[in-house]
Amino acid sequence: MDLDAITKYSALHAKPNGLVLQYGTAGFRTKAEHLDHVMFRMGLLAVLRSKQTKSTIGVMVTASHNPEEDNGVKLVDPLGEMLAPSWEEHATCLANAEEQDMPRVLMDISVKAAVNLQQDAFVVIGRDTRPSSEKLSQSVIDGVTVLEGQFHDYGLLTTPQLHYMVYCRNTSGQYGKATIEGYCQKLSKAFTELTKQAFCSGDEYRSLKVDCANGIGALKLREMEHYISQELSVQLLNDGTKGKLNHLCGADFVKSHQKPPQGMEMKPNERCCSFDGDADRIVYYYLDVDGHFHLIDGDKIATLISSFLKELLLEIGESLNIGVVQTAYANGSSTRYLEEVMKVPVYCTKTGVKHLHHKAQEFDIGVYFEANGHGTVLFSKAAEIRIKQLAKELEDKKRKAAKMLENVIDLFNQAAGDAISDMLVIEAILTLKGLTVQQWDALYMDLPNRQLKVKVADRQVISTTDAERQVVTPPGLQEAINDLVKKYKLSRAFVRPSGTEDIVRVYAEADSQVSWDTSIKKMCSENLTALGSRGGSWREKKTI
Ligand SMILES: CC(=O)N[C@H]1[C@@H](OP(=O)(O)O)O[C@H](CO)[C@@H](O)[C@@H]1O
Ligand SMILES: [Mg+2]
């Protein structure tokens, strides 16, 4: 390690004194102007991680659904997964080291993690469409180069596409070709094969309006468009030609405001969807004939997908185990429907896709989605081999079902939740099952629910257990929630500190009772105000 060169180049990406950031659920995220040193240092860290794992490591420059002025960065591990927790800690230490200490901290990390500095390193880089992203990704490259790592800059990519590239490169192309063309070809081939099997694919199944949040999703869906145009016509809105990234549009806006994005003209019963700013989340929605807005979130996406997979497994008569992974934010109706009607086991993990992804790896087929629309399906290697074998051995209807499963495996991005891939899966399932968006929505009725953001002096005084569903500290808070919950039917409430914002999140759901709403607010003001609350605002989903 050439410490002189590192010191010299680091000075060109100097850290503002006193700035402290944490590698959180989604990497580092803050105002773009504070991130130059973080990018340079993440370039350095990616080289160390690459040397340690003897694999290609990814660096994605994006702040997903945050406002355009923000930016962020996250590292992608060898099989396209999120960075390992011990390296998240290294990332935080390195980003926060004051300028003069940085080379020493870097050395410490390489010693602690037993990095062989003689090993070659290779880093791939992608970025979203934010005005600040190009310059910031250049700072990542500076970090990689000063440690003599090699790199490939993919330029503009969706976050899941970068995960895909990393996965492809570390499996010698077995997962697919590590190019945009390879990505489009793999997905479109699986999509075409699948939809070919449909009996009915009338016009209503063939067109879809997509709100691209004025982000990278628009560019990448355009590239995919001509590969799938025979089967599906997509109309792109908020494609970045006029509006501002994530402003009044995108999956996060639609999910949290429960209304259509700006720029989307919807006819009754027309199927529409929204991507978020880096195209790793998707939600669907429509207006009914009375003009009421209906959101179809990650929970209902997981339900549609798992019921389809279960039917195919029944058809081929193979007892592969299937599990659905959710977080505490999943609507109680979805959990009940999956467990009681579909008889699928459901598991709850902490918030953040890395937790869901990890749990989903325990099953032959692991379906995971956050309510906000981030998710995918993972197939174990053994399940994949078995399905491929059955697609050759079985006959007639069984063979057809096995072939469909084979294509479904290829259509899902198994490295990360992917709006483009999920959209194609959903469109294929709706076509194959001959379902309209209303029929899909009618699988179950969401319980009315609320989310509240409360500012407190120090959100870390709240600690939780049981996948964040129970409060441990401060004392008394869980008892207050228990007292409240037992008075209402089908009610559930929990409080946890956010991992991405300086706030505490309160979630509550119950069947329709006006007083529940008032009671929850009262509980919050009595218990959270004691923590130095600075008030909060309800995000309404449905009126109780
Ligand atoms: C309730 C909610 O939607 N929480 C989001 C949000 O996490 P918080 O820790 O709740 O701030 O951002 C995460 C990263 O994007 C996402 O994974 C998660 O689902
Ligand atoms: Mg995102």
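Worth saying up front: this structure is predicted, and the values here are computed from it rather than measured.

Asks: Please clarify how the nonpolar core should be interpreted in this entry.
Replies: The tendency in soluble globular proteins is for nonpolar side chains to be buried as a group. Of all hydrophobic cores here, the largest spans 87 residues; its most connected members are Phe275, Leu309, Phe379, Met423 and Leu424. At 10 residues, helix H15 (residues 419-433) tops the list of elements feeding residues into this core. Other than its neighbours up to four places away in sequence, Phe379 contacts Leu309, Asp364, Ile365, Ile387, Leu405, Val408, Ile409, Phe412 and Gln414. In this structure, Met42, Val73, Ile109 and Leu147 belong to the second largest nonpolar core, which totals 43 residues.

Asks: Explain the coordination of the magnesium ion (ligand 2) to me, please; I cannot follow it from the model alone.
Replies: Six octahedral donors around a metal ideally make angles of 90 or 180 degrees; four tetrahedral donors ideally make 109.5 degrees. Protein-derived coordination of the magnesium ion (ligand 2) comes from Ser64 (OG), Asp276 (OD), Asp278 (OD) and Asp280 (OD), at a distance range of 2.1 to 2.2 Å. Between the donor residues of the magnesium ion (ligand 2), the gaps in sequence give the motif S-x211-D-x1-D-x1-D. Highlighted residues: Ser64 in the loop between strand S2 (56-61) and strand S3 (70-76) and Asp280 in the loop between strand S8 (272-275) and strand S9 (282-287), separated in sequence by 216 residues. Using a relative accessible area of 5% as the deciding quantity, one classes Asp280 as buried.

Asks: Got a minute to help me understand the site of ligand 1 in this structure?
Replies: If you check the shell around ligand 1, you find Arg281, Tyr329, Thr351, Gly352, Glu370, Asn372, Arg496, Ser498, Gly499, Thr500 and Arg505 and nothing else. One of the side-chain N or O atoms of Ser498 is found 2.5 Å from an oxygen atom in ligand 1. Here an oxygen atom of ligand 1 and a side-chain polar atom of Arg505 are 2.7 Å apart. Contact with the protein chains hides 87% of the accessible area of ligand 1, taken as 440 Å² for the molecule alone. Partitioning the shell around ligand 1 into residue classes produces 1 nonpolar, 6 polar and 4 charged. Two domains each put at least three residues into the shell around ligand 1: domain 3 (298-441) and domain 4 (449-540).

Asks: For this particular structure, what's the right way to read the UniProt feature "coiled-coil region" (unreviewed entry) in the protein chain?
Replies: As annotated by UniProt and renumbered to match this structure, "coiled-coil region" (unreviewed entry) occupies residues 380-411. As annotated, residues 380-411 comprises 91% helix and 0% strand, and the C-alpha atoms at either end are separated by 15 Å.

Asks: Any chance you could explain the pairing of S3 here in plain terms?
Replies: In summary, the side chains of a regular strand alternate between the two faces of the sheet. Buried residues dominate S3, accounting for 7 of its 7 residues. Neither face of S3 is left uncovered, since the one carrying Asp70, Gly72, Lys74 and Val76 and the one carrying Asn71, Val73 and Leu75 both have all their residues buried. Both strand S1 (residues 28-31) and S3 contribute to a ladder of 4 bridges, which runs antiparallel. Note on S3: the bridge partner recorded for Thr30 is Asn71. Pairing analysis gives 4 bridges linking S2 to S3, with the strands arranged antiparallel. Following the sheet pairing, Met60 is matched in S3 by Lys74.

What counts, and where the lines are drawn
- Residues numbered from 1 in each chain as written.
- Chains lettered and ligands numbered in written order.
- Predicted model: local features only at pLDDT ≥ 70, side-chain atom pairs only at ≥ 80, totals over all residues.
- Heavy atoms only, no water.
- Core = buried A, V, L, I, M, F, W, Y, C linked by side-chain atoms within 4.5 Å.
- Buried < 20%, exposed > 50% of the residue type's maximum accessible area, 1.4 Å probe, protein only.
- Helix = DSSP H or I, 4+ residues; strand = E, 2+ residues; numbered from the N terminus.
- Contact = heavy atoms within 4.5 Å.
- Donors = N, O, S within 2.8 Å, 3.2 Å for Na, K, Ca; no water.
- Near = heavy atom within 4 Å.
- Polar contact = N/O pair within 3.5 Å; in protein donor to acceptor, adjacent residues only side chain to side chain.
- Areas by Shrake-Rupley, 256 points an atom, 1.4 Å probe, with all protein chains shown as cover.
- Nonpolar A, V, L, I, M, F, W, Y, C, P; charged D, E, K, R; others polar.
- Domains from an automatic or database assignment.
- UniProt positions renumbered as here; feature names shortened; annotations may be inferred.
- Pairing = 2+ DSSP bridges.

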